[in-house]
Amino acid sequence: MTSSHTDCHFCLQPLRGRKYALREENAYCVPCYDSLYANPCEECKQPIECSSKDLAYKGRHWHEGCFRCAKCSRSLVEKPFAAKDEVLLCTDCYSDEYSSKCFHCQKTIMPGSRKMEFKGSSWHESCFVCQYCRQPLGTKPLITKDNENYCVPCFEKQFAHHCYACKKVITSGGVTYHDQPWHKECFVCAGCKTQLSGQRFISKDEYPYCVDCFSRLYAKKCAACKKPITALGGAKYISFEKRQWHGECFNCAKCSVSLVGQEFLTRQDDILCNECGSS
């Protein structure tokens, strides 16, 4: 500005015909204004004179020519930029230095673009998709296999086991029987339908049976005690003329001595040791 009737508020020198600056309605000659109020430039540390453009960011000031990216030195005037530890960077340099890399494509996720976070890694929204159907996963439930993400329907179609009994997907746990997967709740006795997971059972014609049902339905009866002979735990039994005995029941009908591994005689339905049979 120029004036023909005021004096500098600081040095009181006439401003007639001279440039001056106003501050709080007071007029200052340019030298006084610069010495009193010019901001130091963050880059060159020189005062930003009133004849220069003062660019300010968060209380700091730069000459227009000093307002540049700290890494590539490109001008940031009227350009988008980012600050890191009080250092100004263009968006390209900031992305190279600090932005996340997409776990899938390994390219930078640019500032301001939407990204997805999962298990400590980042994805472009467009990269965070089901590996099989390629549909966006967003916040849908998903399952990871071999570092690839799948929506639940596709994972079940591709990888999940189906129960041999009910044909539905086994999502956790399960039992393997005859090389086939079963839900624990579906793996039941073919006779009484009691769950067999974690229990002792006996196989018959490819069906599992609890010990009680197998004994009741299929086990041979001991000729002495009339109880089932199951062979669980490696129990021994003796068979003779279409009759069977528990090892501990195969005794002389008269003196009760064990006949296991011994010669014996028969009399009607009885078995006898040689001594009792000869008397």
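The structure presented is a predicted model; accordingly, all values stated were derived computationally and were not measured. (Residues numbered from 1 in each chain as written. Predicted model: local features only at pLDDT ≥ 70, side-chain atom pairs only at ≥ 80, totals over all residues. Heavy atoms only, no water.)

**A short note on the overall build of the protein chain**
No. 1: If you tally the helices and strands in the protein chain, you get five helices and 23 strands.
No. 2: Computed over the C-alpha atoms, the radius of gyration of the protein chain is 47 Å, more than 25% above the 19 Å expected from 2.2 N^0.38 for a compact globule of 279 residues.
No. 3: Dimensions along the principal axes, computed over C-alpha positions, put the protein chain at roughly 155 × 35 × 30 Å.
No. 4: Within the protein chain, the proportion of its 279 residues that are buried is 30%.
No. 5: Nonlocal contacts in the protein chain, meaning residues at least 24 apart in sequence, comprise 11% of its contacts between residues at least 6 apart.
No. 6: A total accessible area of about 18800 Å² is found for the protein chain, and carbon and sulfur atoms account for 48% of it.
No. 7: Computed over 38 positive and 31 negative side-chain charges, the inter-centroid distance for the protein chain is 8 Å. (Helix = DSSP H or I, 4+ residues; strand = E, 2+ residues; numbered from the N terminus. Rg over C-alpha atoms; globule rule 2.2 N^0.38 Å. Buried < 20%, exposed > 50% of the residue type's maximum accessible area, 1.4 Å probe, protein only. Contact = heavy atoms within 4.5 Å. Areas by Shrake-Rupley, 256 points an atom, 1.4 Å probe, with all protein chains shown as cover. Lys, Arg positive; Asp, Glu negative; His and termini not counted. Charge placed at Lys NZ, Arg CZ, Asp CG, Glu CD.)

**Some words on the pairing of strand 8 (residues 115-118)**
No. 1: Relative to strand 9 (residues 121-124), strand 8 runs antiparallel, the two being bridged by four bridges. In the strand pairing of strand 9, Met116 is matched with Trp123.
No. 2: Between strand 8 and the antiparallel strand that follows it, strand 9, lie two residues; Lys119 among them carries a positive phi value of about 50°. (Pairing = 2+ DSSP bridges.)

**Digging into the domain arrangement of the protein chain**
In many reports, interface size means the accessible area that the parts give up when they come together.
No. 1: Along its sequence, the protein chain is carved into domain 1 (38-96), domain 2 (175-217) and domain 3 (228-278).
No. 2: Placing a centre on the C-alpha atoms of domain 1 and another on those of domain 3 gives a separation of 105 Å. (Domains from an automatic or database assignment.)

**Here we look at the pairing of strand 22 (residues 264-267)**
No. 1: As judged from the four bridges shared by strand 22 and strand 23 (residues 270-273), these two strands associate in the antiparallel manner. Looking at the pairing, Thr266 lines up with Ile271 of strand 23.
No. 2: Linkage of strand 22 to strand 23, two consecutive antiparallel strands, is achieved through a turn of two residues, within which Gln268 is found at a positive phi near 55°.

**Concerning the side chain of Arg243**
No. 1: Here Arg243 shows up in strand 21 (residues 243-246).
No. 2: With near-sequence residues (within four places) excluded, Arg243 lies in contact with Ala223, Ile238, Asp269 and Ile271.

**What about the UniProt feature "domain: LIM zinc-binding" (unreviewed entry) in the protein chain?**
No. 1: Taken from the UniProt record, the annotation "domain: LIM zinc-binding" (unreviewed entry) applies to residues 39-99, 100-161 and 220-279.
No. 2: Within the segment residues 39-99, helix and strand shares are 13% and 26% respectively, and the terminal C-alpha atoms sit 33 Å apart. (UniProt positions renumbered as here; feature names shortened; annotations may be inferred.)

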